[in-house]
Amino acid sequence: MSSFFSGLLGRKPADAAPIDEKDANKTDSVVYDTTPRLFPSTDLKTEPTPGPTSEEQKLVDIIDAQRQELLKDLPQEPADDSPRFNADHWLTPQKILLYVRANKGDQEKAIKRLRATLEWHCQYRPHAITPEMMRLEGATGKQYVNGHDRGGRPIIYMFPHNQNTKDAKGHLHWVVYTMEQAIRAMPPGVTKLTIVIDVSRYSMSQSVPLSTAREFLHILEAHYPERLHKALVLSPPTMFVMFYHIVAPFIDPVTKAKIAFVDLAGNKAKSADGPWVDVLDHIAPDQLQSNVGGEWQFKYEQDAYWVELEKSYDGWIRASSSKVITYNSDANQDNAGLDDSQSAEPMQTKNE
């Protein structure tokens, strides 16, 4: 599975394809929208994540009763001016439910993984990654959040061929920042996201080192469980599909059901159950970018995108007082049938 997803982070291709002289002289008369949709619109239709079953609720209550033990002796964050992780506010019943479901109701595993994620937040500090720190990684639009699918789930676009750096640490920071941004873009009741991956220009020269791919997968599986709704892989070359079929037997059935291929040329037979699907069944034309089969004439321009990204980040950080910084990560959005009255998740400043 690590090998299959290793191409999704991408590495800058060794040689760029030669530019056709005719293409170079073409002028694009389309007037593009460069303002990203990082916030859900008021008329957005959503499909809230189902609330807990009676058995799941029992497990959530049991684990929540052990919160003091879960929060005990967490690693100390460095003494700097960055926001501080407030573990007590992060550990909502909804978060616990995600881990209960990810571990198929195994209470012991859920507790162990929750503790590991709490420690990871203190050490990796996703809350301290700022737009300014990510400016180089976001320069070419290789990965970003934009719009929502038919269920109101945020969309993460991935364009591996736009890879512009070879910094493994930077790659992973950008993945984490993008995941956090997608969670901030979730409307109430929605807990999952959709990924759109354009691999039409995929080649092995773009794949990252296996160690980086493994770390990428570890972060997503260990610290963002139950977040993926669908991964729509666009126009995969034959080599890519063949490779997928080789590794498919080793992919968890639940994960495999979330992966679907999209043939934008329309030559493949489509089925609701996959593996080939119609992207418009999942994303409305006016929410899907025109460069991947939709009607929204959006063009990624970093300066325009960064204005909205910084606005989102600043609002997330400055939603409360100067001592307790409240950020809208998912206690508000993730209220899927649980009695979770918190409107947001506070982080503390270093002086609190």
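Nothing here was measured: the structure is a model prediction, and the numbers come from that model. (Residues numbered from 1 in each chain as written. Predicted model: local features only at pLDDT ≥ 70, side-chain atom pairs only at ≥ 80, totals over all residues. Heavy atoms only, no water.)

Check the secondary structure of the protein chain and you find 12 helices and seven strands. Residues classed as buried in the protein chain amount to 52% of the 352 residues present. The contacts of the protein chain with a sequence gap of at least 6 include a subset with a gap of at least 24, amounting to 78%. (Helix = DSSP H or I, 4+ residues; strand = E, 2+ residues; numbered from the N terminus. Buried < 20%, exposed > 50% of the residue type's maximum accessible area, 1.4 Å probe, protein only. Contact = heavy atoms within 4.5 Å.)

With that settled, consider the nonpolar core. General note: in soluble globular proteins, nonpolar side chains tend to be found buried as a group. Core analysis: the largest hydrophobic core is formed by 61 residues, its most contacted members being I156, Y157, Y224, L232 and Y305. By residue number, the principal contributor to this core is helix α8 (residues 168-184), which donates eight residues. Ignoring anything within four residues of it in the chain, the contact list for L232 reads T194, I195, V196, I197, A260, V262, V277, V279, H282 and I283. The next biggest cluster of nonpolar side chains, apart from the first, holds 20 residues, and it includes L71, I96, V100 and A110. (Core = buried A, V, L, I, M, F, W, Y, C linked by side-chain atoms within 4.5 Å.)

Here the focus is the sheet that holds strand β5 (residues 259-262). Sheet architecture is open: five strands sit in the order β1-β2-β3-β4-β5, paired in mixed fashion. Two strands close off the open sheet at either side, each with one partner strand: β1 (143-148) and β5. With strand direction ignored, the average angle separating the axes of adjacent strands in the sheet is 25 degrees. Where strand β4 (residues 228-234) meets β5, four bridges bridge the pair, whose relative direction is parallel. Looking at β5, one finds that V233 is bridged to F261. Sheet strands in contact with α8 are β1, β2 (154-158) and β3 (193-198), and its direction is about 15 degrees off that of β1. (Pairing = 2+ DSSP bridges. Axes fitted to C-alpha atoms, helices over the stretch in contact; angles between N-to-C directions.)

Mapped onto the elements, F39 comes out in the loop between α2 (21-25) and α3 (54-64). Along the backbone, F39 and S312 are 273 residues apart, and their C-alpha atoms lie at a distance of 8.2 Å. Residues contacting F39, with those up to four places away along its chain left out, are H148, E308 and S312.

So, about the packing of aromatic side chains. Counted by the stated rule, this structure contains 19 aromatic pairs. Aromatic side chains Y144 and Y300 sit 4.7 Å apart centroid to centroid with 25 degrees between the ring planes, which places their arrangement in the stacked category. Here Y300 lies in the loop between β5 and α12 (302-317) and Y144 lies in strand β1, a separation of 156 residues in the sequence. Judged by its relative accessible area of 3%, Y144 falls in the buried class. An aromatic cluster of three or more residues is present, and its members are Y144, Y157, F159, W174, Y177, W296, F298, Y300, Y305, W306, Y313 and W316. Between R184 and the ring centre of W316, over which it is positioned, the NZ or CZ distance is 3.9 Å. (Phe/Tyr/Trp six-rings, centres within 6.5 Å; stacked < 30°, edge-to-face > 60°. Lys NZ or Arg CZ within 6 Å of the ring centre and 35° of its normal.)

Those residues of α3 not exposed but buried are E56, L59, V60 and I63. Each buried residue of α3 sits inside an arc of 100 degrees when the element is viewed along its axis, so together they form one side. (Arc of directions from axis to C-beta.)

Most of β3 sits inside the fold, with six of its six residues counted as buried. On β3, burial covers both faces: L193, I195 and I197 on one face and T194, V196 and D198 on the other are all buried. Strand direction decides the pairing type here: β3 and β4, joined by six bridges, are parallel. Across the sheet, the residue bridging to I197 is V233, located in β4.

Positionally, P225 belongs in the loop between α9 (210-223) and β4. Judged by relative accessible area, which is 6%, P225 ranks as buried. In sequence terms P225 and N103 are 122 residues apart; their C-alpha atoms lie 9.1 Å from each other.

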